[in-house]
Amino acid sequence: MLPPRRVTNAELAAELAGRGIETSDEWIVARTGIHARHFAAPDVCASDLAAQAARHALEAAGRRADEIDLIIVATSTPDMVFPSTACIVQQKLGVQGSAAFDLQAVCSGFVYGLTVADSMIRSGAATRALVIGAEVFSRILDFNDRGTCVLFGDGAGAVVLEASEVPGILATDLHADGRHVDILCVPGTVSGGKVIGDPLLKMDGQAVFKLAVGVLESAARTVLAKAGRHDADIDWLIPHQANIRIMQGTARKLKLPLEKLVVTVDEHGNTSAASIPLALDTAVRSGRIRAGDTLMLEGVGGGFTWGAVLLDF
Ligand code: ACO
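So, a few notes on the structure that sits alongside this text. (Residues numbered from 1 in each chain as written. Predicted model: local features only at pLDDT ≥ 70, side-chain atom pairs only at ≥ 80, totals over all residues. Heavy atoms only, no water.)

This brings us to the pattern of salt bridges. Under the criterion given, the structure shown has 17 salt bridges. Residues Asp48 and Lys92 are paired through a salt bridge, measuring 2.7 Å at the closest nitrogen-oxygen approach. In this pair, Asp48 sits in helix α3 (residues 46-61) while Lys92 sits in helix α4 (residues 85-92), placing the two residues 44 residues apart along the sequence. Residue Lys92 is classed as partly exposed on the basis of its relative accessible area, which comes to 31%. A salt bridge links Arg128 to Glu162; the nearest nitrogen and oxygen atoms lie 2.4 Å apart. Of the two residues, Arg128 is situated in strand β5 (residues 128-136) and Glu162 in strand β6 (residues 154-162); the sequence distance between them amounts to 34 residues. Within the structure, one salt-bridge network assembled from shared partners comprises Glu217, Arg221, Asp231, Lys253 and Lys255. (Salt bridge = Lys/Arg side-chain N within 4 Å of Asp/Glu carboxyl O. Helix = DSSP H or I, 4+ residues; strand = E, 2+ residues; numbered from the N terminus. Buried < 20%, exposed > 50% of the residue type's maximum accessible area, 1.4 Å probe, protein only.)

Shown next as structure tokens:
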């Protein structure tokens, strides 16, 4: 689910020029592969996008909201300090009683969320889960920093996960390395009724780039090994949509032809925890991904966090 306002690179460049910040469509496309992103209206929250994505997922799965007993919302841009965006989504879906919580793993949030939901279903703690990635990153962008504000967008995606005799999720692998907290962060917080520190996104792009390329390959190799599968078994690679160069680099390392790479970063920008479910949704609804295909989902983001989920769709 993308908010309706689509902002092209040229439009963003013109807006930034008004602030004395210079950028261009050529620079953004060449360095990132991004052509456009969507920005939510000022009164639209992560829970609004999440609830709409959840309704679409429920409809696609042929399920009602009252059949869900677990709601996980992966987000770094929650509506409030508390309660969780997941509780607000539950309210917007008009149901009550299910477990509902937010999961904070920045751009790895959706693969973290899928892994938690999968584990809870396997253990019997839940029977049917809504896993949602939802972000309004436009709220935390510094529009005076051309190195970051051109990269991100808003959106939400969701899936319904339930127990089945047929796999399903084949293997998962999650990691974090807190030594890299500073390379991608929003360091501000709320204290004593004030915002303390800077509440806008900071990123060391080159450090993120180098780390991302390495960990995405190792997480992919780990889930393939756990599932007893091989590179050639992957029908579709759906990595976190941050930068086309990182994504193509990962595909090459896995010896996958670029036709097997699902790309939405060109039209969505980086939507953090929403990027993988949005890419999955786009590829399923366009008819590219079909029942029985093997999918490799890969997340990487602030923390530093990363992980992969291998599944038969
Ligand atoms: N327009 C024009 N010029 C720019 C812009 C811009 N929007 N942004 C930076 N520049 C300039 C810089 O000022 C610099 O100029 P200088 O050489 O005169 O100092 C020059 O471009 C090169 O800057 P670099 O930062 O070295 O550019 P780089 O090639 O590393 O590309 C980028 C930057 C695109 C951010 C890249 O490092 C990258 O993609 N990193 C990974 C980022 C990422 O994936 N983040 C998200 C992952 S996790 C998550 O999703 C939360």
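The subject of this paragraph is the site of the ligand. Not every one of the 25 residues close to the ligand is listed here, only the nearest: Arg31, Cys107, Gln206, Asn243 and Asn270. A distance of 3.4 Å is found between a nitrogen atom of the ligand and a side-chain nitrogen or oxygen belonging to Trp27. Gly205 has a polar backbone atom sitting 3.0 Å from a nitrogen atom of the ligand. A total of 1000 Å² of accessible area belongs to the ligand in isolation, and the protein chains cover 74% of it. (Near = heavy atom within 4 Å. Polar contact = N/O pair within 3.5 Å; in protein donor to acceptor, adjacent residues only side chain to side chain. Areas by Shrake-Rupley, 256 points an atom, 1.4 Å probe, with all protein chains shown as cover.)

Below, the discussion takes up helix α8 (residues 244-253). Inspection of α8 places Ile244, Ile246, Met247, Gly249, Thr250 and Ala251 among the buried residues, and these make up the whole buried set. Contact partners of the buried residues in α8: α2 (25-32), α7 (205-227), β12 (236-239), α9 (265-268) and β13 (294-301). In the stretch just after α8, Lys255 is the one whose phi turns positive, near 55°. (Contact = heavy atoms within 4.5 Å.)

Looking now at the packing of aromatic side chains. The full count for this structure, using the stated rule, is three aromatic pairs. Ring plane angle 90° and centroid distance 6.1 Å describe the contact between Phe39 and Phe143, whose orientation is recorded as edge-to-face. Taken together, the residues span a long stretch of sequence, with Phe39 in the loop between β2 (36-38) and α3 and Phe143 in the loop between β5 and α6 (146-149) at a distance of 104 residues. Classification of Phe143 as buried rests on a relative accessible area of 16%. Ring geometry for Phe304 and Trp306: centres 6.3 Å apart, planes at 45°, overall tilted. Both residues of the pair, Phe304 and Trp306, count as buried. (Phe/Tyr/Trp six-rings, centres within 6.5 Å; stacked < 30°, edge-to-face > 60°.)

A few words now on the pairing of strand β4 (residues 99-103). Each regular strand carries side chains that alternate between the two faces of the sheet. As paired elements, strand β3 (residues 70-74) and β4 share five bridges and run parallel to each other. Bridged to Leu70 within β4 is Ala99. The parallel pair β3 and β4, bridged by α4, forms a crossover whose chirality is right-handed. (Pairing = 2+ DSSP bridges. Right-handed = clockwise from strand over helix to strand, strands pointing away.)

Turning next to the sheet that holds β5. Across the sheet, which stays open at both edges, the four strands sit in the order β4-β3-β5-β6 with mixed pairing between neighbours. Edge positions in the sheet fall to β4 and β6, since each has one partner strand and no second. Ignoring strand direction, the axes of neighbouring strands in this sheet form an average angle of 15°. One ladder, built from five bridges, connects β3 with β5; its direction is parallel. Within the sheet, the bridge partner assigned to Ala74 lies in β5 and is Gly133. Helix α5 (residues 109-123) contacts β3, β4, β5 and β6 of the sheet and is inclined by roughly 165° relative to β5. (Axes fitted to C-alpha atoms, helices over the stretch in contact; angles between N-to-C directions.)

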